[in-house]
Amino acid sequence: MRSEPAPEKVYLDYTQAELDRAYTQTEWADNIGPILKGWDTRGAHSRTARYRYAEHAYGKSADERIDLFDAPGPSVHFHVHGGAWQRQSKEACSFIAPAMHAIDMPLAVPEFGRLPETRMPDVFGQIARALVWTYRTLVENGTARDIVVSGHSSGAHMAALLASHDFGDALPPDALRAVLCISGSYDLHPVMLSARRSYIDLDAQEVRDLSPIRRIAETRVPVHLFYGSEESPEFRRQSEAYGAALAHAGKLTVCRQVAGRNHFEIADDLGTPDSTVGAYACKLLTEPHRRDPDR
């Protein structure tokens, strides 16, 4: 009797089914439903005058809106939401506002297009414009001093791209204090080999250009990486590989695994100032920050 051939490996030691599962978050976080529901409930309670909430337009399209929770603090927290580039919304991040209110730091959360209706390069262009709007609105006029960018999941991918983006005269590099990336994908090559390729339309050059791990030389903003120990092995590997590439170039600030946290629990921690990630975000916003001029 002949044995069945072993399934073909499509990336590293992953078969196609294993790689697809590694990029399917519901397989690794059985509490995703309650967490997302909690974000909606807590967020609705945060979008109020108590937290100085207002929605603004940063561009002309219907997608180009930004939630601003204003505060007198000198560093702006600019957060990019996740959702595999096709789900979630800025409103799902409003739960972070009370933690920022407690330290008197403004929070800005942009909305942007979703794949596949909007192509990924255009989504990044929207996020970059939202960051420029934030700079012009809160920093250029002297209200705030600088900006700390954070992002979760696909938002972490976009946040890492911001760290290597050339804004020209629109936004000086020293206006960005740090980029905090939580559980992102920083190399799009394996992503495009997974089932996610069904809604991501990119050519080979775009895959390279939109992969932060391929843009280490252009990275000039300090990058801080966090990921959970309970995430899929591929999401853990993505952070570790990106961290190693930054370290090899002398550009790694921190790459830290947070014990006991899955892909959504670690994002939820942004709303809890005494959690590992929440405390670190507050530290980036409030403590004196030394900039390496060679980055």
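In what follows, the structure referred to is the one given above.
Residues numbered from 1 in each chain as written. Predicted model: local features only at pLDDT ≥ 70, side-chain atom pairs only at ≥ 80, totals over all residues. Heavy atoms only, no water.

This part is about the packing of aromatic side chains. What describes a pair of aromatic rings is the distance from one ring centre to the other and the angle between the planes of the rings. A full pass over the atoms with the stated rule returns five aromatic pairs. For the ring pair Tyr 186 and Tyr 242, a centre distance of 4.5 Å and an interplane angle of 25° mean the geometry is stacked. With a gap of 56 residues between them, Tyr 186 in the loop between strand S8 (176-182) and helix H6 (188-193) and Tyr 242 in helix H8 (residues 233-248) connect regions that are remote in the sequence. According to the relative accessible area criterion, Tyr 242 is buried, its value standing at 0%. Across from the ring centre of Trp 28, 4.2 Å away, lies the NZ or CZ of Arg 21, which sits over that ring. (Phe/Tyr/Trp six-rings, centres within 6.5 Å; stacked < 30°, edge-to-face > 60°. Helix = DSSP H or I, 4+ residues; strand = E, 2+ residues; numbered from the N terminus. Buried < 20%, exposed > 50% of the residue type's maximum accessible area, 1.4 Å probe, protein only. Lys NZ or Arg CZ within 6 Å of the ring centre and 35° of its normal.)

With that settled, the discussion passes to the pattern of salt bridges. In total, this model carries 17 salt bridges according to the counting rule given. Among the ionic pairs, Asp 268 bridges to Arg 42, the shortest N-O distance being 2.7 Å. With Asp 268 in helix H9 (residues 265-268) and Arg 42 in helix H2 (residues 32-46), the pair connects residues that are 226 residues apart, well separated along the chain. Its relative accessible area of 17% is what places Asp 268 among the buried residues. A residue is classified by how much of its surface remains accessible, and Arg 42, at 31% relative accessible area, is partly exposed. (Salt bridge = Lys/Arg side-chain N within 4 Å of Asp/Glu carboxyl O.)

Across the sheet, eight strands lie side by side as S3-S4-S6-S5-S7-S8-S9-S10; this open sheet has mixed pairing. Edge positions in the sheet fall to strand S3 (53-57) and strand S10 (252-258), since each of these pairs with one other strand and no more. Going across the sheet, the axis of each strand differs from the next one's by a mean of 20°, ignoring polarity. Where helix H10 (residues 276-286) meets the sheet, it contacts strand S5 (75-80), strand S7 (146-152), S8, strand S9 (223-228) and S10, and its direction lies at approximately 170° from that of S8. (Pairing = 2+ DSSP bridges. Axes fitted to C-alpha atoms, helices over the stretch in contact; angles between N-to-C directions. Contact = heavy atoms within 4.5 Å.)

Worth remembering: the numbers are spatial, not functional.
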